[in-house]
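Chain by chain, the residues run as shown.
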Amino acid sequence: MTAATGRPDTGERPDPLRRPEAEQSASRDRRDAASPVRARGGWRALVLQPVLVALGLLAYVVWRSTTTLSDTEARQLGAATLWDSVLRHLQLTVVAAVIVLLIAIPLGIALTRPALRRFTPLVIGLANVGQAAPAIGLFVLLADWLGFGFGTTIVALVVYSALPVLRNTMVGLQGVDARLVEAGRGMGMSGAAVLFRVELPLAVPVMLSGVRTALVLLVGTATLATFIAGGGLGVLINTGITLSLNSLLVSGAVLVALLALAIDWLGRVVEHVARPKGL
């Protein structure tokens, strides 16, 4: 019996890391109440990013209109020529992204199936080689083998950006709780039904994160297309460096950065919209 409380001493000592039940319940209530706040904060961040992109673009337009340009700079930064470069850059990014999705997502799904799981180290190793190689070296080697132009640029971009989509597809599917898969099979669902109705919906957030990473990677890497006659905004950067024309160099770098931020924002929006409720 303790002298302070008059209660019998049972030999147990309070655990300083264990909180009372009432405090734990209050903590859960606070987390539940804060979840809509976190959601609103996420949407505020989504709204802020395009505003920053728009402000950056406006600042570039003001700078461009007040800067004295040489004849070469004026010709390269003319509205028609500049718009063609932006469209070419977007074309390279979109075409390569579509091909990556068509290859990497089905391949990632297949490698998580028991029949093909043994090939995972080989495929991941090949994908790692594609991204581990220096990008400019990969572009030049493929150009020497396949020739210069748009097609070779697409091949190089696909090889260089496939790993994030492939890896995240596999990680997302492997992270699905095995008990949910077993419950689906126990309900009489086929393997395909479990895949499309249970596994893929739960893996979507991780998969979309890989897609967004690949898109941003594609925008930046597409600037190297200029070295193998692929076009794009890299032409401005390369010309600016070669001829020491800072206006071209700054224009190319700023526009690529703004384009990457805009595509990253679109990817974030898709992630929020496609995320299953409750995740």
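An account of the accompanying structure is given in this report. The residue count restarts for each chain, going from 1 along the sequence in the order it is written. Per-residue local features are limited, in this predicted model, to residues with pLDDT of at least 70; the limit for side-chain atom pairs, both in listing and counting, is 80 or more; totals at the level of whole chains, interfaces and linings are taken over all residues. Where side-chain values are given, they derive from all heavy atoms of the structure, hydrogens and water being excluded.

**Overview of the side chain of E271**
Then, in step 1: Mapped onto the elements of the fold, E271 is located in helix α10 (residues 246-274).
Then, in step 2: Throughout, a residue-residue contact means that at least one pair of heavy atoms, one from each residue, lies within 4.5 Å. If sequence neighbours within four positions are ignored, E271 has contacts with P205, L208, S209 and R212. Think of it this way: any DSSP run of H or I at least four residues long counts as a helix, any run of E at least two long counts as a strand, and we number them from the N terminus.

**With respect to the packing of aromatic side chains**
Then, in step 1: The rule is short: rings of Phe, Tyr and Trp, with Trp giving its six-membered ring, pair when the centres are within 6.5 Å, and they are stacked under 30 degrees, edge-to-face over 60, tilted in between. One pass over the full model with this rule turns up 1 aromatic pair.
Then, in step 2: Summarising the aromatic geometry, the rings of Y60 and W63 are spaced 5.8 Å apart at their centres and angled 35 degrees between planes, so their arrangement reads as tilted. On the criterion of helical spacing, the pair formed by Y60 and W63 is a turn pair, its members being 3 residues apart in helix α1 (residues 21-66).

**Considerations on the environment of T169**
Then, in step 1: As for its position among the elements, T169 is in helix α6 (residues 150-174).
Then, in step 2: For the pair T169 and T112, spaced 57 residues apart in sequence, the C-alpha separation works out to 9.1 Å.
Then, in step 3: Polar contact is the term for a pair of N or O atoms within 3.5 Å; when the atoms are in protein, one must be able to donate a hydrogen and the other to accept it, and sequence-neighboring residues count only if both atoms are side-chain atoms. Polar contacts involving the side chain of T169 include one to the main-chain carbonyl oxygen of V165, which spans 2.7 Å.

**A word on the packing of helix α8 (residues 191-221) against α10**
Then, in step 1: Only the stretch in contact is used when a helix axis is fitted, and all axes are lines through C-alpha atoms; the angle between N-to-C directions ranges over 0 to 180 degrees. It is the contact of α8 with α10, at a shortest axis distance of 9 Å, that shows an interaxial angle of 170 degrees. The pairing of α8 with α10 is recorded here as roughly antiparallel in orientation. Residues V204, P205, L208, S209, R212, L215, V216 and V219 of α8 lie in contact with α10, whose contacting residues are V256, L259, A260, I263, D264, G267, R268, V270, E271 and A274.
Then, in step 2: Of the residues that constitute the contact of α8 with α10, the class distribution is 12 nonpolar, 2 polar and 4 charged. Oblique is the label for every angle not falling under 35 degrees (roughly parallel), over 145 degrees (roughly antiparallel), or within 65 to 115 degrees (roughly perpendicular). Just so you know the grouping, Ala, Val, Leu, Ile, Met, Phe, Trp, Tyr, Cys and Pro go in nonpolar, Asp, Glu, Lys and Arg go in charged, and all remaining residues, Gly too, go in polar.

**Quick word on the side chain of T120**
Then, in step 1: Tracing the sequence through the fold places T120 in helix α4 (residues 120-132).
Then, in step 2: Within the structure, the side chain of T120 is placed 3.4 Å from the backbone oxygen of L111, a separation counted as a polar contact.
Then, in step 3: Within the structure, T120 has its side chain in polar contact with the backbone oxygen of R117 (distance 2.9 Å).
Then, in step 4: Once residues lying within four places of it in the same chain are set aside, the contact partners of T120 are L111 and M170.

**Description of the pattern of salt bridges**
Then, in step 1: Each reported salt bridge corresponds to a side-chain nitrogen of Lys or Arg within 4 Å of a carboxyl oxygen of Asp or Glu. For the structure on display, the rule yields 5 salt bridges.
Then, in step 2: Its salt-bridge partner being R113, residue E199 comes within 3.2 Å of it at the nearest N-O pair. You can see E199 sitting in helix α8 and its partner R113 sitting in the loop between α3 (79-111) and α4, a full 86 residues away along the chain.
Then, in step 3: Burial here depends on accessible area, computed with a 1.4 Å probe over protein chains only, as a share of the maximum for the residue type. Under 20% is buried, over 50% is exposed, and the range in between is partly exposed. Using a relative accessible area of 24% as the deciding quantity, one classes R113 as partly exposed.
Then, in step 4: When the shortest N-O distance is used, the salt bridge between R212 and D264 registers 2.8 Å. Here R212, found in helix α8, pairs with D264, found in helix α10; they are 52 residues apart in sequence, far enough to count as distant.

**Notes on α6**
Then, in step 1: The terminal C-alpha atoms of α6 lie 36 Å apart, and with 25 residues this matches the ideal 36 Å at 1.5 Å per residue to within 8%.
Then, in step 2: Of all bends in α6, the biggest is about 40 degrees, found at S161, and the proline P164 comes one to four residues later. What a helix is expected to span follows from its residue count: subtract one and scale by 1.5 Å. Two axes are fitted around each residue, one to the seven residues ending there and one to the seven starting there, and the angle between them is reported as the bend at that residue.

**Quick notes on the nonpolar core**
Then, in step 1: Counting 30 residues, the largest nonpolar core has L92, A96, F139, L157, V165 and L166 as its most contacted members.
Then, in step 2: Those elements that provide at least two residues to this core are α3, α4, α5 (135-146), α6 and α8.
Then, in step 3: Residue contributions to this core peak at 9 residues, all from α6.
Then, in step 4: The contact partners of A96, leaving out residues within four places of it in the chain, are I154, L157, V158 and L218.
Then, in step 5: What is meant by a nonpolar core is a set of buried Ala, Val, Leu, Ile, Met, Phe, Trp, Tyr and Cys residues, joined one to another through side-chain atoms within 4.5 Å. If you look at the next biggest cluster of nonpolar residues, it comprises 14 residues, including Y60, L77, V256 and L259.

**Side note on unusual backbone geometry**
Then, in step 1: Residues other than glycine seldom take positive phi values, yet A229 does so here, at roughly 60 degrees.
Then, in step 2: Within the fold, A229 resides in the loop between α8 and α9 (234-242).
Then, in step 3: For A229, a relative accessible area of 52% puts it in the exposed group.
Then, in step 4: Backbone geometry places S244, a non-glycine residue, at a positive phi of 55 degrees.

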